[in-house]
Amino acid sequence: MDQAGDTSNRRVAGKPRVIVTRHLLPSIEARMEELFETRLNRADTPMTREDLAAAMRECDVLVPTVTDRIDAELIAQAGESLGLIASFGAGTDHIDLAAAAARRIMVTNTPGVFTDDTADLTMALIIGVPRRLREGTTLIRRERWTGWAPSAMLGHKLGGKVLGIVGMGRIGQAVAFRARAFGLQIQYHNRHRLPQAVESMFGAEYVEKLDDLLTRSDIVTLHCPATTQTEGMINARRIGLMKQGAALINTARANLIDYEAMIDALESGHLGGAGLDVFPEEPKVDARLVALPNVIAQPHIGSATVEGREASGEKVIANIRFWADGHRPPDQVLEALV
């Protein structure tokens, strides 16, 4: 049966009961309160597992974020009225989509709105790591800069270097568009090769094997989803394949990288640096990474723009309204595609 046409889990009369797990932009929260029977989390205290379970027993619509893990056990405890999980954000690896489908709970996300924001931050890291921006900032802040010198703070230019993009979806392509303007040679690895017209637009060369891409690249940037196939894909063996002094950039998902192996390579000097926006145990960041002068670490801000967060909230509202009206939401996530 079409999930969009199933009204058995939905309030027939009145506004849908919506519970939002984190504090969103005030304009988005105000609009939600106008349209729905909404419970907000203005204190922005992350919900515990028990809080999530209680919310899922009470609401018609849950609005979680990527930091809320909605697994099969939680979904099994959900109340009969829960018919929609309208996730705030593009990623869906924090939700057990198969378990949701089995309970006939629809899942939506907010794709596309953070593409440029994440690509912008990625490009900042691609520039910042080879040019040693963290080290320069540290010198100034600690008042250790002794003045200009012809051999001081030497980094590496971008022009002519090979940028290896792992995952050439929306964000990967947006990074390629930006990187080409800096004179980088674009090579990419993807599950499927892009059409020749798209490759020509970015001046991108397809590399079928990930190992080959890693051996060729001066800078490697990751833009693939977190799946069982991609977990730990950048492991000790593959880091060993990378060029001496290469840089590794990750604004996607932390579990794509074996962080222990990466730290070892950074400490040994095999890797020249890293630019990271995601970490395995957020908000905790390994002290060894913080101590390394060749690592630029950011607090998961790839999507942190006013414009992006507002657009994501508007998509959440649209998805809820479509669902509540008995129509298929524009951003429904199909479990069969996972």
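Residues numbered from 1 in each chain as written. Predicted model: local features only at pLDDT ≥ 70, side-chain atom pairs only at ≥ 80, totals over all residues. Heavy atoms only, no water.

Looking at the UniProt feature "domain: D-isomer specific 2-hydroxyacid dehydrogenase NAD-binding" (unreviewed entry) in the chain
Rule in force here: UniProt positions are given in the numbering used here, feature names are shortened, and annotations may be inferred rather than shown by experiment. For helices the rule is a DSSP run of H or I covering at least 4 residues; for strands it is a run of E covering at least 2, with both sets numbered from the N terminus onward.
In this numbering, the UniProt entry assigns the feature "domain: D-isomer specific 2-hydroxyacid dehydrogenase NAD-binding" (unreviewed entry) to residues 123-302. Secondary structure across residues 123-302 comprises 34% helix and 17% strand; the distance between its end C-alpha atoms is 11 Å.

Section: the environment of Tyr259
When you line up the elements, Tyr259 lands in helix 11 (residues 259-268). It is 7.9 Å that separates the C-alpha atoms of Tyr259 and Pro280, two residues lying 21 residues apart in sequence.

So, the confidence of the model for the chain
Defined as follows: A score between 0 and 100, pLDDT records how confident the predictor is in each residue. Note on contacts: a residue pair is in contact if any heavy atoms of the two residues lie within 4.5 Å.
Looking at the chain as a whole, the pLDDT averages 94, with 95% of positions reaching at least 70. Across residues 1-12, where pLDDT falls below 50, the model places 28 contacts with residues more than four positions away in sequence or in other chains.

Some thoughts on the pairing of strand 1 (residues 17-20)
So the rule is basically this: A pair of strands is labelled paired if DSSP reports no fewer than 2 bridges between them. A right-handed crossover is one whose linking path, passing over the helix from the first strand to the second, runs clockwise when the strands point away from the viewer.
Sheet topology note: the strand 1/strand 2 (residues 37-39) ladder contains three bridges and is parallel. Paired with Ile19 across the two strands is Arg39, which belongs to strand 2. Each parallel crossover has a hand, and the one from strand 1 via helix 1 (residues 26-35) to strand 2 is right-handed.

A closer look at the sheet that holds strand 9 (residues 219-222)
Operational definition: Convention adopted: a line fitted to C-alpha atoms gives each axis, helices being fitted over their contacting stretch, and angles between N-to-C directions are expressed from 0 to 180 degrees.
With respect to topology, seven strands assemble into an open sheet ordered 8-7-6-9-10-11-12, the strand pairing being parallel. Pairing within the sheet leaves two strands with one partner each, and these edge strands are strand 8 (204-206) and strand 12 (295-297). Ignoring which end each strand starts from, the neighbouring axes of this sheet average 20 degrees apart. Of the strand pairs in this sheet, strand 7 (residues 185-189) and strand 8 are connected by three bridges, and their pairing is parallel. By the bridge assignment, Ile186 is partnered in strand 8 with Ala204. Against the sheet, helix 5 (residues 115-128) contacts strand 6 (162-166), strand 9, strand 10 (246-250), strand 11 (271-276) and strand 12, and its axis sits at roughly 160 degrees relative to strand 10.

Side note on the sheet that holds strand 2
Here five strands make up an open sheet; going across it, the order is 2-1-3-4-5 and the pairing parallel. Bordering the open sheet on either side are strand 2 and strand 5 (106-108), each of which pairs with just one other strand. Across this sheet, the average inter-strand angle for adjacent strands is 20 degrees, counted without regard to direction. Helix-sheet contacts for helix 2 (residues 49-58) involve strand 1, strand 2 and strand 3 (61-63), and the interaxial angle to strand 1 is about 165 degrees.

Section: the packing of helix 1 against helix 13 (residues 306-324)
What counts, and what does not: For classification, angles of less than 35 degrees are called roughly parallel, those exceeding 145 degrees roughly antiparallel, those between 65 and 115 degrees roughly perpendicular, and all remaining angles oblique. Crossing handedness: left-handed means the near helix sits turned counterclockwise from the far one by under a right angle, and right-handed means the same turn made clockwise.
At a minimum axis separation of 9 Å, helix 1 and helix 13 run at an interaxial angle of 15 degrees. With respect to helix 13, the element helix 1 is oriented roughly parallel. Crossing of helix 1 against helix 13: the hand is right-handed. On helix 13, the residues that touch Ser27, Ile28, Arg31, Met32 and Leu35 of helix 1 are Glu310, Gly313, Glu314, Val316, Ile317 and Arg321.

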